[in-house]
Amino acid sequence: MFPLFSHTESEKSLEFYKKNGFVALKSTLPVEYLELMRKIMLELIEEEKNLVKNPDYKDYGFLLCAPYYADKYPEILEILKNKEMLSLVESILEKWFTIYLYSNNCIPPNNGVTKAVRIHVDTPRIIPEYDYILASIILLDDFTEENGATWVLPASHNQETPPTEEYFYKNAVRFTAPKGSILYFNPRIWHAAGTNNSSEWRNCLILAYCKPWVKQRVDIPRFMEHINKENIPEETKQLLGFRAQTPSDFSEFYGGDKDRTYTQPFV
Ligand SMILES: O=C(O)CCC(=O)C(=O)O
């Protein structure tokens, strides 16, 4: 059974994370929001496939940068106001972390898989005892063995060589949990998505966070250039990386508060 902590059990959940390289929290997200996001994600993966226009497109089921669509669907940014979700991130990465990646993984039904089905790590480097990046999976559906719940090999984040398939599937735990639950994991841990043998899509959001000086997976502020950001709260902009952009001219480095592009502490 996969342990699910409540967001109030911060000490216990942090201790579990430090020992195992992952930890899961119970939902604090409204069901209506999860359902809406599920619908939006399924629509956007088709839209993105058409936008990319690459006959070799291998990322079907993933969005490269969900905030890119926040003009059409401002709800995409709403989740970034969820304090309970962010508080564990802050206890691991400390204040001023930013978003490394905001994506999703939607697995098609009837034996469907995505590229995440292979046993993999998300980041190659190992920096023992130092957290500079953290990944999370937010369930938009109940995850079951049938619909492809994520496999995680406990405490494998410092293991350089890949486990054999036999070892992995014998020792990995399966993240079967109700929708809204969040699995946080060190992206250096060996893990895999399952195969979806159900008749419905299996959906989740993927949110990864990093220290503010780490280069984001994609440049989210530039991806959002077409979006009017007047109504986006300051905290959300900071999370998206708008306060951690490397300067591209003298005024962006030496200028006043309005001109400078890196306006948060280096931590
Ligand atoms: O969707 C899942 O179950 C796992 C996703 C994953 O492995 C990844 O995004 O790296």
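Everything discussed here concerns the structure shown above.
Residues numbered from 1 in each chain as written. Predicted model: local features only at pLDDT ≥ 70, side-chain atom pairs only at ≥ 80, totals over all residues.

**Notes on the overall build of the protein chain**
At step 1: On a plain count of helices and strands, the protein chain comes out with eight helices and eight strands.
At step 2: Here the C-alpha radius of gyration of the protein chain, 18 Å, is about what a compact globule of 267 residues would show, namely 18 Å.
At step 3: Judged by the C-alpha coordinates and their principal axes, the protein chain covers about 55 × 40 × 35 Å.
At step 4: Burial statistics for the protein chain: of 267 residues in total, 36% are counted as buried.
At step 5: Sequence-distant contacts, at least 24 apart, represent 78% of the contacts inside the protein chain between residues at least 6 apart. (Helix = DSSP H or I, 4+ residues; strand = E, 2+ residues; numbered from the N terminus. Rg over C-alpha atoms; globule rule 2.2 N^0.38 Å. Buried ≥ 20, exposed ≤ 12 C-beta atoms within 10 Å, placed from the backbone. Contact = placed C-beta atoms within 7 Å.)

**Some points on the pairing of strand E2 (residues 98–104)**
Taken residue by residue, a regular strand's side chains alternate between the two faces of the sheet.
At step 1: E2 sits mainly inside the fold: seven of its seven residues count as buried.
At step 2: Relative to strand E8 (residues 204–210), E2 runs antiparallel, the two being bridged by six bridges. Within E8, the residue paired with threonine 98 across the bridge is cysteine 210. (Pairing = 2+ DSSP bridges.)

**Focus on the site of the ligand**
At step 1: Taken together, Asn105, Ala116, Asp122, Ile137, Thr150, His191, Ala193, Cys204 and Ile206 make up all the residues around the ligand.
At step 2: Within the shell around the ligand, the residues separate by chemical class into five nonpolar, three polar and one charged. (Near = placed C-beta within 6 Å. Nonpolar A, V, L, I, M, F, W, Y, C, P; charged D, E, K, R; others polar.)

**A closer look at the sheet that holds strand E7 (residues 191–192)**
At step 1: Spatially, the three strands line up as an open sheet ordered E5-E4-E7, and their pairing is antiparallel. The open sheet has two free edges, formed respectively by strand E5 (173–174) and E7, since each of these has just one partner strand.
At step 2: In terms of strand pairing, strand E4 (residues 151–152) meets E7 through two bridges, oriented antiparallel. In the strand pairing of E7, tryptophan 151 is matched with alanine 192.

**Observations concerning the nonpolar core**
At step 1: In this structure, Phe22, Ile99, Leu134, Leu183, Tyr184, Ala208 and Tyr209 are the most contacted members of the largest nonpolar core, which totals 65 residues.
At step 2: Those residues within four positions of leucine 183 in sequence are excluded, and the remaining contacts are Phe22, Ala24, Ser136, Ile137, Thr150 and Phe175. (Core = buried A, V, L, I, M, F, W, Y, C linked by C-beta atoms within 7 Å.)

**Some details on the packing of helix H1 (residues 10–20) against helix H4 (residues 83–93)**
At step 1: Axis separation between H1 and H4 bottoms out at 11 Å; the angle between their running directions is 55°. Taken together, the axis directions place H1 and H4 in an arrangement best described as oblique. For H1 against H4, the interelement crossing comes out right-handed. Counted together, Ser10, Ser13, Leu14 and Tyr17 of H1 and Ser87, Leu88, Ser91 and Ile92 of H4 form the full contact between these two elements.
At step 2: Its residues placed into classes, the contact of H1 with H4 shows four nonpolar, four polar and no charged. (Axes fitted to C-alpha atoms, helices over the stretch in contact; angles between N-to-C directions. Parallel < 35°, antiparallel > 145°, perpendicular 65-115°, else oblique. Left-handed = near helix turned anticlockwise from the far one by under 90°.)

**Observations concerning unusual backbone geometry**
At step 1: You will see that glutamate 94, though not glycine, has its phi angle at about 70°, which is positive.
At step 2: Among the secondary structure elements, glutamate 94 is positioned in the loop between H4 and E2.
At step 3: Phi angles above zero are rare outside glycine, and alanine 155 is one such case at about 55°.
At step 4: Here alanine 155 is to be found in the loop between E4 and helix H5 (165–171).

**Quick look at the environment of arginine 125**
At step 1: By secondary structure assignment, the location of arginine 125 is in the loop between E2 and strand E3 (133–139).
At step 2: For arginine 125, a count of 8 C-beta atoms within 10 Å corresponds to the exposed category.
At step 3: C-alpha separation for the pair arginine 125 and arginine 222, spaced 97 residues apart in sequence, amounts to 26 Å.

**Overview of H4**
At step 1: Within the sequence span of H4, burial applies to Met85, Leu88, Val89 and Leu93. End-on view of H4: buried residues confined to an arc of 120°, all on one side of the axis.
At step 2: On the buried face of H4, the contacting elements are H1, strand E1 (22–25), E3, strand E6 (182–185) and E8.
At step 3: Where H4 ends, the next residue or the one after it, glutamate 94, has phi of about 70°, a positive value. (Arc of directions from axis to C-beta.)

**Notes on the sheet that holds E1**
The pairing of strands in a sheet comes from backbone hydrogen bonds and takes either a parallel or an antiparallel form.
At step 1: Overall, antiparallel pairing links the five strands, which are arranged E1-E6-E3-E8-E2 in an open sheet. Two strands bound the open sheet, and with one partner strand each, they are E1 and E2. The mean inter-strand angle of the sheet, taken between neighbouring strand axes irrespective of direction, is 20°.
At step 2: Across four bridges, E1 lies against E6 in antiparallel orientation. By the bridge assignment for E6, alanine 24 is matched with leucine 183.
At step 3: H1 rests against E1 and E6 of the sheet, and its axis sits at about 150° to E1.
At step 4: Each of E1, E3, E6 and E8 is contacted by H4, which is oriented at about 160° to E3, the strand it contacts most.

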